[in-house]
Amino acid sequence: MVHTNNGDIMVLVCFKIFVSRIIDVSLGTLRTMFVVKGNKIVSSSIAFIEVFVWFYAARAALVSYDSSILIAIFYSLGYATGTYLGTLLNELFVDGIYNVQVISSKISASDVLKIRSANFGVSVLKTIDNKSILYLSISKKRYRECINLVKSLDKNSFIVVNDAKVAFNGYFKKKFVDKK
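Calculation rules
Residues numbered from 1 in each chain as written. Predicted model: local features only at pLDDT ≥ 70, side-chain atom pairs only at ≥ 80, totals over all residues. Heavy atoms only, no water. Patch = residues over 30% accessible without salt bridge, like charges linked within 9 Å, V, L, I, M, F, W, Y side chains within 5 Å. Areas by Shrake-Rupley, 256 points an atom, 1.4 Å probe, with all protein chains shown as cover. Salt bridge = Lys/Arg side-chain N within 4 Å of Asp/Glu carboxyl O. Helix = DSSP H or I, 4+ residues; strand = E, 2+ residues; numbered from the N terminus. Expected span 1.5 Å × (residues − 1). Buried < 20%, exposed > 50% of the residue type's maximum accessible area, 1.4 Å probe, protein only. Phe/Tyr/Trp six-rings, centres within 6.5 Å; stacked < 30°, edge-to-face > 60°.

Visitor: Lay out a nonpolar patch on the surface with the relevant residues and their values.
Guide: Taken together, the side chains of Ile69, Leu70, Ile73 and Leu77 present a nonpolar region at the surface, about 350 Å² in accessible area. Checked against the element boundaries, isoleucine 69 lands in helix α3 (residues 69-93).

Here it is, written out as structure tokens:
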């Protein structure tokens, strides 16, 4: 017969709560991203697993007969770690489209060709004060590459990035949308 003391049980309960919270909060973060993208089936499936795991963690935390602050600490640490891990998983696995707008007084026609040669579709408008407004719709996975390229052409350009739900036609038709 194996003898365990209350300290061993407390460590086990804290570990179970911590891991469960990491899993359920990571799933919740991913579910939110799929909801925003309009993917109802995937987000609903993730929601079921997320709440199932959350119930397991909450039950373990609330049923514990020990009033130790460690339970609350590990519950909270699991939540924070799950949020961090969920955002990392989102960056790695949830594909998306960003709309990038760049306002620059330095980017020239040859710079626009450099952007296009890097396989970014770009539209350019000239303002009345001779600035260029560049419009790009890019794969989220190429975000850093795009921003680094624009900054290399004009480090002082004004850049705005927005999440796009969907893009039709244009450059994406061949380079992004058809890959699915």
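Continuing now.
Visitor: Describe in detail α3, supporting the description with residues and values.
Guide: Helix length check: α3 (25 residues) gives 36 Å between terminal C-alpha atoms against 36 Å at 1.5 Å per residue, within 8%. Residues of α3 that are buried: Ile71, Gly78, Gly82, Gly86 and Asn90.

Visitor: Explain the packing of aromatic side chains to me, using residue names and the numbers behind them.
Guide: Between two aromatic rings, the relevant description is the distance of the centres plus the angle of the planes. Here the structure, examined in full by the defined rule, presents 3 aromatic pairs. Taken together, a centroid distance of 6.2 Å and an interplanar angle of 85 degrees make the contact between phenylalanine 18 and phenylalanine 74 edge-to-face. Placement of phenylalanine 18 in helix α1 (residues 6-36) and of phenylalanine 74 in helix α3 is noted, with a sequence separation of 56 residues between them. Judged by relative accessible area, which is 22%, phenylalanine 18 ranks as partly exposed.

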